[in-house]
Protein chains: 2
Amino acid sequence: MYDGLKGFREFYPDEMSARRGVTDAIEDRVRRYGFREIGTPALERTQLYTDKSGEEIVEELYAFEDKGGREVALTPELTPTVARMVVGKGSALQKPIKWFSTRPFWRYEQVQQGRFREFYQTNIDIFGSDHPEADAEILAVAADTMTDLGLSAEDFEFRVSHRDILGGLLESMDSDVETGDAIRAVDKKEKIDTEAYYGLLVDAGLTRSEAESFDSVLGTDDLDDLVDFAGTDRVEAAVENLRAVLEATASFDVREHCKISLETARGLDYYTGVVFECFDTAGEVSRSVFGGGRYDDLIEGYGGQPTPAVGVGIGHETLSLLCQHAGVWPEEGSETDYYVLTVGDTRETALEIAQELRGLGHTVETDLSGRGFGDQLSYADGIGAETVVIVGEQDLADDAVTLKDMASGDQVQVPLSDFPPEEGRPTYEDFG
Amino acid sequence: MYDGLKGFREFYPDEMSARRGVTDAIEDRVRRYGFREIGTPALERTQLYTDKSGEEIVEELYAFEDKGGREVALTPELTPTVARMVVGKGSALQKPIKWFSTRPFWRYEQVQQGRFREFYQTNIDIFGSDHPEADAEILAVAADTMTDLGLSAEDFEFRVSHRDILGGLLESMDSDVETGDAIRAVDKKEKIDTEAYYGLLVDAGLTRSEAESFDSVLGTDDLDDLVDFAGTDRVEAAVENLRAVLEATASFDVREHCKISLETARGLDYYTGVVFECFDTAGEVSRSVFGGGRYDDLIEGYGGQPTPAVGVGIGHETLSLLCQHAGVWPEEGSETDYYVLTVGDTRETALEIAQELRGLGHTVETDLSGRGFGDQLSYADGIGAETVVIVGEQDLADDAVTLKDMASGDQVQVPLSDFPPEEGRPTYEDFG
């Protein structure tokens with residue numbers, strides 16, 4: 001008996017069908033926005049991450065030396081690979097570039113609820129537009145996806161902020177502040193107590209009183225307060241950009257899902273503009289469901305032409321938790337249109353009928369084990385068959401088959417000349 | 001500038017859309033047969049392979065020690081993981097178990113045409129039936145998939161054999177033969193010269209004259225010859241089983257794709273019954289496109305109850321080559337139903353129309369970069385838009401939009417009350 005690895009999961013068909021339903025819903029919506037699917041490798045050179053990714057990601061890398069002496073790592077996130085692809089084709093790619101993909105990533109993390117060492121993400125990115133409509137489209141595609149899954153404003157909210165507001169407020173302080181450290185402190189605020197939070201801000205260079213007034217202004221609902229507090233062009237421009245993005249979300253009809261929340265900082269260093277995180281309003285999922293934002297400097301950092309960018313990575317594990325808590329997780333189980341049941345020496349005809357039905361696009365199973373009537377019926381029940389097509393010797397003598405409705409148990413004999421028909425998916429109801 | 005790893009590929013949208021088309025076609029057909037999707041991890045304990053997989057696979061493992069001191073490996077094939085899953089749930093699983101999945105695997109191989117270090121497979125397996133209908137269903141689902149892709153008997157053939165025919169013939173020799181070595185010799189026959197082939201057979205224990213008569217009988221078309229040659233129950237039973245499987249493929253209407261080829265041995269040691277390989281009849285793909293067969297002892301070998309099994313692993317890279325040579329590779333490129341073009345101060349309405357069209361299920365893009373008329377039209381052309389919806393200030397003053405057919409360049413003004421309609425996907429044709 002062999003065990004799987006901690007933090008790595010296998011999905012049996014019932015659970016997998018629900019997961020597939022969620023992935024299909026996400027991808028269907030994403031495609032409608034004109035995002036195009038890309039395919040990316042599972043391994044990259046370790047240097048791709050040690051050069052550019054945050055410290056936390058590098059510490060959690062599955063990294064090793066391959067048989068050719070190359071330092072390689074299992075991809076812990078998509079962004080560096082996508083950046084490499086954008087840089088690789090450069091100006092040959094029509095802008096804006098709108099790409100998505102769904103696939104697993106790997107990090108050696110502490111395993112806990114909704115967090116695994118192998119986890120799935122749908123990444124959605126726009127490269128080549130610095131206009132607020134691009135930020136809004138990312139918010140809109142994510143919000144519409146949630147709505148498609150059956151979630152509403154009662155279940156989730158996008159907490160939206162702007163990196164330059166935090167950065168600009170910190171810059172406007174009299175003290176010399178380590179902006180990155182202070183932003184990371186804000187990002188951790190909800191997870192630590194107030195004194196520890198102020199401690200981190202003071203470590204980042206603020207005085208205690210600056211830390212308190214900074215914290216206080218972050219809580220405001222009125223963006224004008226921020227502009228007044230900072231009194232700098234940088235904060236004014238950031239506020240104007242955030243307002244324009246939110247205004248565009250209204251045209252996309254997703255404004256109701258977006259809430260200004262200046263304490264939303266996103267842990268990653270590469271964000272440059274609007275940032276947002278999805279939270280469940282019921283608080284059942286104890287942390288951000290997923291997040292995204294603008295990262296205008298990243299492509300240049302990987303050696304490309306300056307290319308504005310904005311994107312979101314939808315994490316399937318936390319999203320699944322949210323769907324389950326909200327009662328919209330797809331039903332787990334199998335569905336089957338027809339089970340073709342063979343009784344007596346009718347196997348050949350049964351296989352032929354099954355093939356005809358498959359040719360019409362239906363999901364069909366038939367006996368592969370030489371079983372009797374009862375065992376076949378029990379199997380048909382187990383796979384969720386809607387209709388059982390009984391092919392008995394007497395049926396065939398009558399040039400007919402018997403259709404049995406599995407929900408009611410009702411059955412009716414139907415001439416072989418009428419079944420299967422050339423189109424449609426007839427059940428007992430159509431003949432009974 | 002960063003490079004990807006040798007043997008690992010990224011797929012840009014045009015190529016990816018063709019690959020996705022092939023994967024969707026395969027999975028659609030597989031689902032119609034009632035195979036259920038499973039999800040499996042990318043990493044396993046290395047021991048899972050060193051204990052059971054063939055030497056070749058173990059030599060090519062991407063294996064390393066994780067941060068917790070575990071010896072782990074990137075999965076080089078699906079079978080051991082699936083065996084672990086079947087053993088794990090044991091009798092709780094209704095038989096026959098019919099599973100499939102599409103995903104990448106990894107082997108440190110020599111990179112060549114159609115062979116990469118990261119490669120994709122759709123694995124399709126049936127556990128729990130030793131009846132010939134199960135073998136035939138695997139052949140049928142694979143053949144129907146090929147037909148769905150546009151391939152015909154002129155493009156491919158399944159070379160079908162039975163492990164016990166080879167094994168039984170070897171066993172019936174006077175010499176004491178290392179069966180595994182002799183079967184591997186047969187598997188290599190097409191790749192090496194005749195003398196080397198006989199050399200391997202002699203190394204496996206045959207005399208030179210036995211090797212020659214063995215080779216000669218393998219070339220027969222008449223299965224009765226084999227039974228006579230060997231004169232053993234084992235070969236007779238194997239021939240009977242092979243005949244029953246081929247007979248069942250006739251009921252599945254795929255007999256024309258199956259050709260008896262006793263030299264088809266499959267390299268892997270775990271096959272026990274019918275084995276087959278798909279070859280392209282034109283010989284453009286220089287080796288087996290993919291293969292499969294029966295492996296009745298494997299589940300027990302992993303600690304489970306005796307469970308007969310049969311399956312196929314469709315390799316996407318060689319299949320792609322075959323499709324390309326046969327001229328049925330899907331067209332690479334993007335398709336877009338609508339591009340909503342904004343002229344003047346109409347952005348808000350343009351976004352709203354785009355959202356309405358997306359709500360109806362269409363693929364829609366609109367301007368995210370504040371571009372002018374010509375640049376937007378050029379972008380719409382680049383993404384393969386069928387219809388451009390022009391939202392001009394004059395249009396809106398007329399309570400209308402203009403539909404432009406991108407193929408002909410024709411355009412017509414349509415009242416906003418008629419567009420978008422509540423259903424359908426109207427184009428210029430519907431109004432022009």
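Residues numbered from 1 in each chain as written. Chains lettered and ligands numbered in written order. Predicted model: local features only at pLDDT ≥ 70, side-chain atom pairs only at ≥ 80, totals over all residues.

1. Quick look at the overall build of chain A
Scanning chain A from N- to C-terminus turns up 17 helices and 16 strands. Against the globule reference of 22 Å for 432 residues, chain A gives a C-alpha radius of gyration of 28 Å, more extended than a compact globule. Expressed along its principal axes, the backbone C-alpha trace of chain A runs to roughly 95 × 55 × 45 Å. Buried positions account for 46% of the 432 residues belonging to chain A. Nonlocal contacts in chain A, meaning residues at least 24 apart in sequence, comprise 67% of its contacts between residues at least 6 apart. (Helix = DSSP H or I, 4+ residues; strand = E, 2+ residues; numbered from the N terminus. Rg over C-alpha atoms; globule rule 2.2 N^0.38 Å. Buried ≥ 20, exposed ≤ 12 C-beta atoms within 10 Å, placed from the backbone. Contact = placed C-beta atoms within 7 Å.)

2. A word on the interface of chain A and chain B
A common way to express how large an interface is: the accessible area buried when the components associate. Counting residues at the interface gives 76 residues for chain A, matched by 77 residues for chain B. Among the elements that take part in the side of chain A that touches chain B, helix α1 (residues 13-32) of chain A stands out by supplying seven residues, more than any other. Here the side of chain A that touches chain B is composed, by residue class, of 33 nonpolar, 20 polar and 23 charged. (Nonpolar A, V, L, I, M, F, W, Y, C, P; charged D, E, K, R; others polar.)

3. Brief notes about the relation of the copies chain A and chain B
Of the transformation superimposing chain A on chain B, the axial component is 0.0 Å and the angular component is 180°, with the fit at an RMSD of 0.0 Å. These values place the two chain copies in the arrangement generated by a two-fold rotation axis. Using C-alpha coordinates, one finds that chain A approaches the rotation axis most closely at F64 of chain A, a distance of 3.2 Å. Comparing interface residues between copies, 100% of those in chain A also sit at the interface in chain B, which points to an isologous, same-surface contact. (Least-squares fit on C-alpha atoms with pLDDT ≥ 70 in both.)

4. Details of the confidence of the model for chain A
Scored by pLDDT, chain A comes out at a mean of 93, with 99% of its residues at no less than 70. Overall fold confidence for the complex sits at a pTM of 0.94, while the interface term, ipTM, reaches 0.94. (pLDDT = per-residue confidence, 0-100.)

5. Points about the domain arrangement of chain A
By domain assignment, chain A separates into domain 1 (13-40 + 78-326) and domain 2 (336-431). The centre of domain 1 of chain A, based on its C-alpha atoms, is set 52 Å off from the matching centre of domain 2 of chain A. (Domains from an automatic or database assignment.)

6. What to know about unusual backbone geometry
At the junction of K95 of chain A and P96 of chain A, the peptide bond is cis and its omega measures out at -5° in the coordinates. For P96 of chain A, the position within the fold is in the loop between α4 (79-89) and β5 (97-106). The backbone phi angle of D399 of chain B is positive, close to 55°, even though this residue is not glycine. The topology assignment puts D399 of chain B in the loop between α16 (393-397) and β15 (400-405).

7. Brief notes about helix α9 (residues 208-218) of chain A
Residue and element names in this part refer to chain A. Every buried residue of α9 is accounted for by A211, F214 and L218. For α9, the arc enclosing every buried residue in end-on projection is 65°, short of the 170-degree limit, so these residues lie on one face. Across from the buried face of α9, at angles greater than 90 degrees, the exposed residues are S209 and S216. Elements in contact with the buried residues of α9: α6 (163-171) and α8 (194-203). (Arc of directions from axis to C-beta.)

8. As for the sheet that holds strand β7 (residues 156-162) of chain A
Residues and elements named next belong to chain A. With mixed pairing, eight strands are arranged side by side in an open sheet as β1-β5-β6-β11-β10-β9-β7-β8. Every other strand in the sheet has two partners, leaving β1 (36-37) and β8 (258-260) as the edge strands with one partner each. Inspection of the sheet shows strand β6 (residues 118-127) paired to strand β11 (residues 309-315) by seven bridges, in the antiparallel sense. In the sheet register, I126 faces β11, and the bridge partner there is V310. Where α1 meets the sheet, it contacts β5, β6 and β11, and its direction lies at approximately 5° from that of β6. (Pairing = 2+ DSSP bridges. Axes fitted to C-alpha atoms, helices over the stretch in contact; angles between N-to-C directions.)

9. Some details on the sheet that holds strand β2 (residues 43-45) of chain A
Residues and elements named next belong to chain A. Spatially, the three strands line up as an open sheet ordered β2-β4-β3, and their pairing is antiparallel. A strand with exactly one partner marks an edge of an open sheet, and here the two such strands are β2 and β3 (63-65). Adjacent strand axes in the sheet meet at a mean angle of 35° when their direction is disregarded. With three bridges joining them, β2 and strand β4 (residues 71-74) adopt antiparallel strand pairing. Residue L43 lies in a different strand from β4, and its bridge partner there is L74.

10. Some points on helix α15 (residues 373-382) of chain B
Residue and element names in this part refer to chain B. Every buried residue of α15 is accounted for by Q376, Y379 and A380. End-on view of α15: buried residues confined to an arc of 100°, all on one side of the axis. Those residues of α15 that are exposed and angled more than 90 degrees off the buried face are G374, D375 and S378. Residues of α15 that are buried in the fold lie against β12 (336-342) and β14 (385-391).

11. Regarding the packing of helix α8 (residues 194-203) of chain B against helix α9 (residues 208-218) of chain B
Residue and element names in this part refer to chain B. At a closest axis distance of 9 Å, the pairing of α8 and α9 adopts a crossing angle of 115°. Helix-helix and strand crossings are classified by hand; for α8 and α9 the assignment is right-handed. Of the residues in α9, those touching α8 at Y198, L201 and V202 are R208, A211 and F214. Within the contact of α8 with α9, the residues separate by chemical class into five nonpolar, no polar and one charged. (Left-handed = near helix turned anticlockwise from the far one by under 90°.)

12. Observations regarding the environment of F229 of chain B
Residue and element names in this part refer to chain B. Relative to the helices and strands, F229 is located in helix α10 (residues 223-230). For the pair F229 and G114, spaced 115 residues apart in the sequence, the C-alpha separation amounts to 39 Å. With near-sequence residues (within four places) excluded, F229 lies in contact with L169 and V217.

13. A short note on the pairing of strand β9 (residues 274-280) of chain B
The side chains of a regular strand alternate between both faces of the sheet. Residues and elements named next belong to chain B. Most of β9 is tucked away: seven of the seven residues are buried. Residues of β9 alternate between two faces, with V274, F276, C278 and D280 on one and V275, E277 and F279 on the opposite face, all of them buried. Here strand β7 (residues 156-162) pairs with β9 via seven bridges, running antiparallel. In the strand pairing of β9, E157 is matched with F279. Relative to strand β10 (residues 290-294), β9 runs antiparallel, the two sharing four bridges. Counterpart to V275 in the pairing with β10 is G293.

14. Some words on the packing of helix α6 (residues 163-171) of chain B against α10 of chain B
Residues and elements named next belong to chain B. Closest axis-to-axis distance for the α6/α10 pair is 9 Å, and the angle between their directions is 30°. The handedness of the crossing between α6 and α10 comes out as left-handed. On the side of α6, the interface is formed by I165, G168 and L169, while α10 contributes L226, F229 and A230. Partitioned by chemical class, the residues of the contact of α6 with α10 number five nonpolar, one polar and no charged.

15. Some points on the environment of G199 of chain B
Tracing the backbone shows G199 of chain B in helix α8. Note: C-alpha distance between G199 of chain B and R358 of chain B (159 residues apart in sequence) is 66 Å.

16. Focus: the pairing of β14 of chain B
Residue and element names in this part refer to chain B. Most of β14 is tucked away: six of the seven residues are buried. Pairing of β12 with β14, which is carried by six bridges, proceeds in the parallel orientation. Bridge pairing in β14 links L341 to I390.

17. Structural notes on the environment of I165 of chain A
Residue and element names in this part refer to chain A. Structurally, I165 is set in helix α6. For the pair I165 and A238, spaced 73 residues apart in sequence, the C-alpha separation works out to 5.8 Å. If we skip the residues at most four places from it in the chain, I165 touches L226, V235, A238, V239 and L262.

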